[in-house]
2 protein chains.
Amino acid sequence: MPSFIDPEHQHQHTSKQFDHELLDIRSRVLALGGLVEEQVASAVKSLLEGNVELAERVIADDYKVNTLEVSIDDECTQILARRQPTARDLRLVVVVIKTITDLERIGDEAKRIARHALDMVGHFPRRNQLSEIEELARYVRNLLRGALDSFARIDVDAALRVVQDDRLADREYETILRQQITYMMEDPRTIPVSLNIMWSARALERVGDRACNIGEYVIYYAKGKIIRHISLEQLEEDLRSE
Amino acid sequence: MPSFIDPEHQHQHTSKQFDHELLDIRSRVLALGGLVEEQVASAVKSLLEGNVELAERVIADDYKVNTLEVSIDDECTQILARRQPTARDLRLVVVVIKTITDLERIGDEAKRIARHALDMVGHFPRRNQLSEIEELARYVRNLLRGALDSFARIDVDAALRVVQDDRLADREYETILRQQITYMMEDPRTIPVSLNIMWSARALERVGDRACNIGEYVIYYAKGKIIRHISLEQLEEDLRSE
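Residues numbered from 1 in each chain as written. Chains lettered and ligands numbered in written order. Predicted model: local features only at pLDDT ≥ 70, side-chain atom pairs only at ≥ 80, totals over all residues. Heavy atoms only, no water.

A. Seen up close, the overall build of chain A. In terms of regular secondary structure, chain A is built from eight helices and zero strands. Taken across its 242 residues, chain A has 57% of its residues classed as buried. Counting every atom, chain A has about 10,300 Å² of accessible surface; 48% of that belongs to carbon and sulfur. (Helix = DSSP H or I, 4+ residues; strand = E, 2+ residues; numbered from the N terminus. Buried < 20%, exposed > 50% of the residue type's maximum accessible area, 1.4 Å probe, protein only. Areas by Shrake-Rupley, 256 points an atom, 1.4 Å probe, with all protein chains shown as cover.)

B. Examining the pattern of salt bridges more closely. One pass over the full model with this rule turns up 30 salt bridges over all chains. One salt bridge in this structure joins A:D187 and A:R189, with 3.1 Å as the shortest N-O distance. A relative accessible area of 70% places A:R189 in the exposed class. With its nearest N and O atoms 2.9 Å apart, the salt bridge here joins B:D102 to B:R210. Here B:D102 is found in helix α4 (residues 87-120), whereas its partner B:R210 is found in helix α7 (residues 191-223), with 108 residues between them in sequence. (Salt bridge = Lys/Arg side-chain N within 4 Å of Asp/Glu carboxyl O.)

C. Examining the packing of helix α6 (residues 156-186) of chain A against helix α7 (residues 191-223) of chain A more closely. Residue and element names in this part refer to chain A. One way to put it is that α6 packs onto α7 with a least axis distance of 9 Å and a crossing angle of 165°. On the basis of their axis angle, the class for α6 and α7 is roughly antiparallel. Note that α6 runs across α7; the crossing there is left-handed. In the contact of α6 with α7, the residues fall into 21 nonpolar, four polar and seven charged. (Axes fitted to C-alpha atoms, helices over the stretch in contact; angles between N-to-C directions. Parallel < 35°, antiparallel > 145°, perpendicular 65-115°, else oblique. Left-handed = near helix turned anticlockwise from the far one by under 90°. Nonpolar A, V, L, I, M, F, W, Y, C, P; charged D, E, K, R; others polar.)

D. Structural detail: the environment of B:Q179. Residue position: B:Q179 is located in helix α6 (residues 156-186). Taking the C-alpha atoms as reference points, B:Q179 and B:Q129, 50 residues apart in sequence, are found 8.6 Å from one another.

E. Representation of the relation of the copies chain A and chain B within the structure. Mapping chain A onto chain B is achieved by rotating through 180° and translating by 0.0 Å along the same axis, at an RMSD of 0.0 Å. Both copies of the chain, as the preceding transformation shows, are related through a two-fold rotation axis. When C-alpha positions in chain A are compared against the rotation axis, the closest is assigned to A:Q84, at 2.7 Å. A shared binding surface is used by both copies, with 100% of the interface residues of chain A retained as interface residues in chain B. (Least-squares fit on C-alpha atoms with pLDDT ≥ 70 in both. Contact = heavy atoms within 4.5 Å.)

F. A look at the environment of A:Y139. Mapped onto the elements of the fold, A:Y139 is located in helix α5 (residues 127-153). Residues contacting A:Y139, with those up to four places away along its chain left out, are A:D165, A:L168 and A:A169.

G. The interface of chain A and chain B, seen in detail. Each partner contributes residues to the interface: chain A has 42 residues there, and chain B has 42 residues. At the junction of chain A and chain B, the tally comes to four salt bridges. A:R206 is the salt-bridge partner of B:E109, the closest N and O atoms lying 3.6 Å from each other. The interface formed by chain A and chain B contains three residue pairs in polar contact (both at pLDDT 80 or more). For the side of chain A that touches chain B, the secondary-structure elements that each account for two or more residues are α3 (52-83), α4 (87-120), α6 and α7 of chain A. Residues that form the side of chain A that touches chain B fall into these classes: 21 nonpolar, six polar and 15 charged. (Polar contact = N/O pair within 3.5 Å; in protein donor to acceptor, adjacent residues only side chain to side chain.)

H. Here's a closer look at the nonpolar core. In this structure, A:V96, A:L103, A:L195, B:V96, B:L103 and B:L195 are the most contacted members of the largest nonpolar core, which totals 144 residues. Those residues in contact with B:L103 that lie beyond four places of it in its chain are B:V29, B:L32, B:G33, B:V36, B:V65, B:L144, B:L148 and B:I214. (Core = buried A, V, L, I, M, F, W, Y, C linked by side-chain atoms within 4.5 Å.)

I. Local environment of unusual backbone geometry. With a phi close to 45°, A:A87 is a non-glycine residue in the positive phi region. With respect to the secondary-structure elements, A:A87 resides in helix α4.

J. Region of the structure containing α4(A). With 34 residues, α4(A) should reach 50 Å at 1.5 Å per residue; the first-to-last C-alpha distance of 50 Å fits that figure. Across the 34 residues that make up α4(A), a large majority, 28, are buried. (Expected span 1.5 Å × (residues − 1).)

Structure, rendered in structure tokens:
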């Protein structure tokens, strides 16, 4: 399994310092990923428990995600300018620039969910409305975990699993939508709660989409292949035939 | 007003070919922008007119957006590897990589709106539901146009106007949401139509957000400053004091 710095690769660098910088960027992306995972987990918890304090903390902490993202972005641009990397190193830097954009936007989705949690305070959702969101959240958090793991280990198989599993999250999300529409039509008083559930479900679905993007970047990094717009079937075929 | 290739700048390049490549990238980004504008316009038209054929064409044409984006992305990576640009040229390539990601996602939003148009076929929205969407769409399309113009001319003032005006699009969007909720609570039979209107309004709001991102990249390119996460007040202050 290729890792960011393999021995064969390392001696090609003119500078140990450059290796160190690439390692540093990698660990900072994982730190950003960890922070974003926490934000999503707390946002979902605040929604399920109607926890105002926790929702407010998620909203207040979003600046940490933004600050870290800007700082890594800046570091990437500096590396491009100073080191002028080529081939695999260049792909790594490009992948990092793209990955942190998605992580920052996942942070935005967490903030959105926290806002919906605040909107729902004082309303009483049905028990099964929450359990459906809980299940989707569990699913999507696993996708994000999988994407970050595949990035940490440059594990193409794990990345491909994230890309595949995202389809199921989309289906789960559509089921929630259909159910909420049924509730709303049965009893219009449930509309405000149902809408907050629907928006939160959509935010979670987008977290899944972005985890899927990260999986695709990992495959691009490892294989040098842009896969974003080819079909999943084609991708599996391509990877098998290599 | 700085442009991509100003005479002072040009003689620094070791190769005329490189200048040509940067001009080529720029014109391809604008071609992608034009295509995406068309997709948004057609999607909105299909929604307002209940035009099935047009909606289906938008969905079918999304691959063109994707193909062009992948091809520009690829060209950028090749330029980074081959030319190893620094300073302003490097910032341009990074800005192009980010801009085309947003343009491609705007294409996705157009596809979403076209899907909502198909969902609404056979339903009859109230006249004012459509006129509200029409107004938001006009507003958001102007934002996108402004963002692409500011990119074409590297016009920081125009870019700043896009960033400022996006706030108003957000407010317009929230007004639509509140109105739809009122309709749904008055008459639950309107729920399916209202939801499609709400999803479409949200897709338009996101188009505005992404136009705003592009405006920010233009400012970053021109000023060498990452502005995504500072407040609008701070940004205006900074630009005034330069």
